[in-house]
Amino acid sequence: MGQFWRDRLRRIRDRLASSPRFQRLAAKHPLTRKAARRRARAALDLCAGFVYSQVLLACVRLKLLDLLLESPKSLAQIAEKTELSPDAASRLLDAAASLGLVDRRGKDRYGLGDIGAALVGNKAALALVEHQPMLYADLADPVALLRGAEEAEPKLADYWPYSAAERPTELTPEEVAPYSALMAQSQPLVAQEVVGAYNFRRHRRIMDVGGGEGAFLEAVAASAPRLELMLFDLPAVVERARTRLEAAGLAKRARFFSGSFLTDPLPVGADVITLVRIVHDHDDATALELLRNVRRALPRDGVLLIVEAMSGIEGAEPLDAYYGFYTLAMGRGEPRTVAELQRIAKKAGFGRFRLLRNAMPIVAGILVARPDPDYHGP
């Protein structure tokens, strides 16, 4: 079927689906009722999604999920512990129950719901929930943000100072502390996916470029006890990594290097290099320079792992919306498809690719890239 006929059929579909009369008929008919209700629920979720997220934020800030993890509580107990009036506590609990965060356990008694139970032990996810209000403030006027209006003053750009800094290597410890701590808190989620999908024991030495406080290397080190560790990041960040890895008993296995991974040569010696949630922070031209720098540091038989949210991966489709607007508010970068990442990596000197299968692609995709032996540089 040609494109003309596909478009024509879709126009017919669109006109029917947008017709109130058709919607009423579909909601009543036994063959279409289930699909109609599913679409109506999806539309409600889109309209009410911000409210849902604020209910979750309230639960996290009031430590409601932690409270219910101890044991089910009565409404009166919850009101007292959260310092809310009974009416306010009841309103929050009704909302949280509708979202699966809490579960009614009889009259005026509540415990954890399925989603609440999954979240309460996930410290990385809870840290991201606490971080969200900054993004919400930037999205108060999404059209102004999209148009780059002067009155739109994204707060995320200030939170991630390296994204706009002319001299990122001169950032102070105070300037890097907030985002470094957030990355360290959320990194175990990603590290779990990578360690579960890739065997680092086949390597002798790993270098994590843009490695932050070293949380990812700490997780990898536990999975591969003989692996030597290298970490490269901005000077102020490296000092935080040194402190963390020394406290973890990894000082003898780790070496630390500081500078800008865009302008300074990367140290050589690693046979596997990781870029964890790094590439999608940069536009194509900058990402190309980064990957060329990585290629120069790798031996011909080395391996690069690009780990980040990737567009178009089955099971992770909503991330296009989230990271698309997050990077817009941050001031640079974008989520990319696997094909787009491969295109840039080929220009940088990589030629063999493999997308790993991991348990939770919504957390991160994992792309393995190997140097192209026939590449001779730009």
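Residues numbered from 1 in each chain as written. Predicted model: local features only at pLDDT ≥ 70, side-chain atom pairs only at ≥ 80, totals over all residues. Heavy atoms only, no water.

- Going by the annotation in an unreviewed UniProt entry, the name recorded for the chain is Methyltransferase, with Methylosinus trichosporium given as the source organism.

## Examining the domain arrangement of the chain
Here comes step 1: As assigned here, the chain comprises domain 1 (1–119) and domain 2 (123–369).
Here comes step 2: With centres defined by C-alpha atoms, the gap from domain 1 to domain 2 works out at 32 Å.
Here comes step 3: Taken together, the contacts link nine residues of domain 1 with seven residues of domain 2.
Here comes step 4: Where domain 1 abuts domain 2, roughly 730 Å² becomes buried across the two surfaces, and 69% of that area is made up of carbon and sulfur atoms.
Here comes step 5: For the domain 1 face of the interface with domain 2, the top three residues by lost area are Leu-57, Val-60 and Leu-119, together amounting to 52%.
Here comes step 6: Here domain 1 is connected to domain 2 by two salt bridges.
Here comes step 7: Residues Arg-61 and Glu-130 are paired through a salt bridge, measuring 3.4 Å at the closest nitrogen-oxygen approach.
Here comes step 8: Counting across the interface, domain 1 meets domain 2 through two residue pairs in polar contact (both at pLDDT 80 or more).
Here comes step 9: In terms of residues, the side of domain 1 that touches domain 2 owes the most to one element, helix 3 (residues 33–61), which gives seven residues.
Here comes step 10: Looking at the side of domain 1 that touches domain 2, its residues break down into five nonpolar, two polar and two charged. (Domains from an automatic or database assignment. Contact = heavy atoms within 4.5 Å. Buried area = accessible area lost by both parts, 1.4 Å probe. Salt bridge = Lys/Arg side-chain N within 4 Å of Asp/Glu carboxyl O. Polar contact = N/O pair within 3.5 Å; in protein donor to acceptor, adjacent residues only side chain to side chain. Helix = DSSP H or I, 4+ residues; strand = E, 2+ residues; numbered from the N terminus. Nonpolar A, V, L, I, M, F, W, Y, C, P; charged D, E, K, R; others polar.)

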